Amino acid sequence: MEFQESMMRYVVHKPQKVDWGFEKDTEKGRIKETPTMTPRHKWKLMYLFNRFSSSPPRNPKSKEPPNEFLCPISGSLMAEPVIVTSGHTLENACVLACKALSFTPTLAEDSSTPDFSSVIPNLALKTAILNWCKLHCVDPPKPIDPINAKNLVRALMEIENKKPDTQIAISEKNLVQGAIESPTVKLNDPELTHSCSSSVDSVETAESTPSLQLVIHPSYNNNNNSSSSSSSDTLNLGFNEEEEQLLVKLKSPQVFEIERAVISLRQITRSTESSRVRLCTPRLLSALRSLIMSRYSTIQVNTVAALVNLSLEDINKVKIVRSGMVPLLIDVLKGGFPEAQEHASGALFSLALDDDNKTAIGVLGALEPLMHLLRSENDRTRHDSVIALYHLSLVKSNRVRLVKLGSVPVLLGMVKPGHMTGRIMLVLGNFAWCPDGRAAMLDAGAVECLVKFLGGTQLNSESTKESCLSVLYGLSQGGLRFRVLAKAVEMEEVLSKMVKEGSKCVREKAKTILEMMKMTSKEYEEEEMEDEVVDWEDLLELSHTRC
């Protein structure tokens, strides 16, 4: 009886071996076949075994979100990311809170200030954030409550508005607290209790304890072994004292302080290239942007003039356009002081030299006010405006806009002997090589106007004649219509006179146009002959074969 009970216990507690149909060879790391394994079963097990054995281990640190998914103000994942006018991407609630509190923060990444004038939802980034959360099994972010967003912004305002003395006191308190928590030297060290010490001891103590200069600038307190000279150089890195002084004056509530600041900025940026590059910063541009439409003439004139000086450097042109200056310059063109309008047209001319800015300036609406300033009483304003139009009309989209604005008749009306006609010809030359512009010029009587200008008795410069002939050559691409209009105004006689009396370049261009006209008329006569002579028999045969 006892023997049977012991056998029952053995049977119950004995682990049963499950026949999986394969055995793993631990020595060679592969699967050993068994008699019960079928070929299909074997293939499936081999696929699963190789897949799971070769998969890399997961990285436990991959749950940290990328920096572009974090809001620069709240520091958390963005639930409703939006793009503002300056190009920054922030949380929508934080943007609304900043606008409600009339606060423009300074972002820690690049010390730039965002522009909240327009807000566009960033749906692509929002989708990317949700996909990242789903991939890493993280709960998707929830929109920030408006009250909490305002509290965050108020806290940021308090930090930026703190005085330097308060910051020094706080940094000193943090430094002392850090020294208590993790002291670099032992307080019971006998060397620290000596009443007097040698020079070597004082050097060692200075190297092991933070110096007084580092208390003033705690953010650069990481290297205690550096010398005082190298630490002072590090402290001044990225600090522009000249910019700081100008910003303080530009933001002053006193009008005379602002006037002195903009006059000083205009004088500084007029002299050297390095000053123009050094002072074209986002903070300074933001301060100037608020002064362009000032009701005080001295402030507005000198602000726009300083902006012209800054735009002379190629590295600053795109930066100025992206800072939102162009709409304000257009407002100055429409209703600013006369001298400020002169500088604004010069600024747009300078900014239009960069190919990346041409389309943006045209889209923002600078073409119509520039056309209006062509009739200004100021010579410099007219010249800068027409040169700006020339560079802007190099882009097809701007040429189409100018044609729709009715600029062709206005420009043709200004073709008369004078020192500005050569620049008008440059703009018309851009139109002549554009199909829409060419058609508009032919409709407005450009051929008759230009031929009268060339055949006039008043003295014109050779360069102006060359520009006029270039415009006519572009119009000659119009084909039959140009030939008919040219014949009506007897253009061949004028061009023949140019071939005999003009300069070398004028003679070459006049010959080219005459050859174009002859070639066009010959081709036209051949086409007429082909239309008049019709072989009806061939035509009937062709129709029978098709049937």
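Quick notes on the rules
- Residues numbered from 1 in each chain as written.
- Predicted model: local features only at pLDDT ≥ 70, side-chain atom pairs only at ≥ 80, totals over all residues.
- Heavy atoms only, no water.
- Helix = DSSP H or I, 4+ residues; strand = E, 2+ residues; numbered from the N terminus.
- Buried < 20%, exposed > 50% of the residue type's maximum accessible area, 1.4 Å probe, protein only.
- Contact = heavy atoms within 4.5 Å.
- Areas by Shrake-Rupley, 256 points an atom, 1.4 Å probe, with all protein chains shown as cover.
- Polar contact = N/O pair within 3.5 Å; in protein donor to acceptor, adjacent residues only side chain to side chain.
- Expected span 1.5 Å × (residues − 1).
- pLDDT = per-residue confidence, 0-100.
- 1 Å grid on protein atoms, 1.4 Å probe; cavity = no way out; pocket = protein on both sides within 12 Å on 5 of 7 lines; lining within 4 Å.
- Points joined across faces, edges and corners; volume = space filled by probe spheres on them.
- Nonpolar A, V, L, I, M, F, W, Y, C, P; charged D, E, K, R; others polar.
- Pairing = 2+ DSSP bridges.
- Axes fitted to C-alpha atoms, helices over the stretch in contact; angles between N-to-C directions.
- UniProt positions renumbered as here; feature names shortened; annotations may be inferred.
- Parallel < 35°, antiparallel > 145°, perpendicular 65-115°, else oblique.
- Left-handed = near helix turned anticlockwise from the far one by under 90°.
- Arc of directions from axis to C-beta.

Here the focus is the overall build of the chain. Across its full length, the chain holds 30 helices and five strands. Relative to its 547 residues, the chain shows a buried fraction of 36%. A separation threshold of at least 6 residues defines the contact pool for the chain, and within that pool the share at least 24 residues apart is 63%. Within the structure as shown, the chain displays about 34,400 Å² of accessible surface, and the carbon and sulfur contribution to it stands at 54%.

With respect to the helices, strands and loops of the structure, Ser311 is situated in the loop between helix 14 (297-310) and helix 15 (314-322). Assessed through its relative accessible area of 1%, Ser311 is described here as buried. Separated by 2.7 Å, the side chain of Ser311 and the backbone oxygen of Val308 make a polar contact.

Take helix 20 (residues 379-392) next. When the terminal C-alpha atoms of helix 20 are compared, their 20 Å separation across 14 residues agrees well with the 20 Å that a helix rising 1.5 Å per residue should span. Within helix 20, 11 of the 14 residues are buried, which leaves the element mostly enclosed by the surrounding structure. Restricting attention to buried positions, one finds in helix 20 the residues Thr381, Arg382, His383, Asp384, Ser385, Val386, Ile387, Ala388, Leu389, His391 and Leu392. In this fold, the buried residues of helix 20 make contact with helix 17 (338-351), helix 18 (355-363), helix 19 (367-372), helix 21 (396-404) and helix 23 (421-432).

On to the confidence of the model for the chain, then. Put simply, the chain has an average pLDDT of 75, and 68% of its residues get 70 or more. Confidence, expressed as mean pLDDT per element, reaches its minimum in the chain at helix 8 (residues 212-216) with 32 and its maximum at helix 14 with 95. Note on residues 52-61: pLDDT is under 50 here. Beyond four places in sequence and across chains, it has zero contacts. Every residue in residues 530-534 is under pLDDT 50, and counting partners more than four places away or in other chains gives zero contacts.

One water molecule sets the probe size; rolling that probe over the atoms shows where empty space is left. Looking at the second largest pocket, its volume works out to about 410 Å³. Around the second largest pocket sit 21 residues that line it, and Ser86, His88, Asp110, Ser112 and Thr113 are the ones nearest its centre. Listing elements by their share of the lining of the second largest pocket, those giving two or more residues are helix 13 (282-289) and helix 15. In terms of residue count, the dominant contributor to the lining of the second largest pocket is helix 13 (four residues). Of the residues that constitute the lining of the second largest pocket, the class distribution is six nonpolar, eight polar and seven charged.

The strand order across the open sheet built from three strands is 4-3-5, with neighbouring strands paired in antiparallel fashion. One side of each edge strand has no neighbouring strand; the edge strands of this open sheet are strand 4 (89-91) and strand 5 (119-121). Strand-to-strand twist in this sheet, taken as the mean axis angle between neighbours without regard to direction, amounts to 40 degrees. Pairing analysis gives three bridges linking strand 3 (residues 81-84) to strand 5, with the strands arranged antiparallel. Directly across from Val84, in strand 5, lies its bridge partner Val119. Lying on the sheet, helix 3 (residues 92-100) is in contact with strand 3, strand 4 and strand 5; it crosses strand 4 at an angle near 85 degrees.

In the numbering used here, UniProt assigns the feature "repeat: ARM" (unreviewed entry) to residues 324-361 and 365-407. The distance from the first to the last C-alpha atom of residues 324-361 is 11 Å, and the span holds 84% helix and 0% strand.

Of all residues except glycine, most have a negative phi; of all peptide bonds, most are trans. Its identity is not glycine, yet Ser102 carries a phi of approximately 55 degrees, on the positive side. By secondary structure assignment, the location of Ser102 is in the loop between helix 3 and strand 5. Under the relative-accessibility criterion, Ser102 is labelled exposed at 68%. For Glu490, which is not glycine, the phi dihedral falls at a positive 55 degrees. Tracing the chain through its elements places Glu490 in the loop between helix 27 (480-488) and helix 28 (491-501).

Interhelical geometry of helix 24 (residues 435-443) versus helix 26 (residues 462-475) gives an angle of 105 degrees and a closest axis separation of 10 Å. Taken together, the axis directions place helix 24 and helix 26 in an arrangement best described as roughly perpendicular. Here Arg438, Met441 and Leu442 of helix 24 come into contact with helix 26, specifically with Val471, Gly474 and Leu475. Grouping the amino acids of the contact of helix 24 with helix 26 by side-chain chemistry returns four nonpolar, one polar and one charged.

A few words on the packing of helix 20 against helix 23. Following both chains from N to C, one finds helix 20 and helix 23 inclined at 20 degrees, their axes separated by 9 Å at the closest point. With respect to each other, helix 20 and helix 23 are oriented roughly parallel. When the axes of helix 20 and helix 23 are compared, the crossing they make is left-handed. Taking contact as the criterion, the partners of His383, Val386, Ile387, Leu389 and Tyr390 in helix 20 are, on helix 23, Arg423, Ile424, Leu426, Val427 and Asn430. A class-by-class count of the residues in the contact of helix 20 with helix 23 yields seven nonpolar, two polar and one charged.

This part is about the side chain of Arg438. Within the element layout of this structure, Arg438 appears in helix 24. A polar side-chain atom of Arg438 sits 3.1 Å from the main-chain carbonyl oxygen of Ala432. When neighbours within four sequence positions are excluded, Arg438 is seen to be in contact with Phe431, Ala432, Trp433, Gly474, Leu475, Gln477 and Gly478.

Look at helix 11 (residues 255-271): 25 Å from first C-alpha to last across 17 residues, which is about the 24 Å you get at 1.5 Å a residue. Among the residues of helix 11, Ile258, Ala261, Val262, Leu265, Arg266 and Thr269 are the ones counted as buried. Burial along helix 11 is one-sided: seen end-on, the buried residues are contained in an arc of 135 degrees. Looking at helix 11, the residues exposed on the side facing more than 90 degrees away from the buried face are Gln267, Arg270 and Ser271. Buried positions along helix 11 lie against helix 10 (241-250), helix 12 (273-279), helix 13, helix 14 and helix 17.

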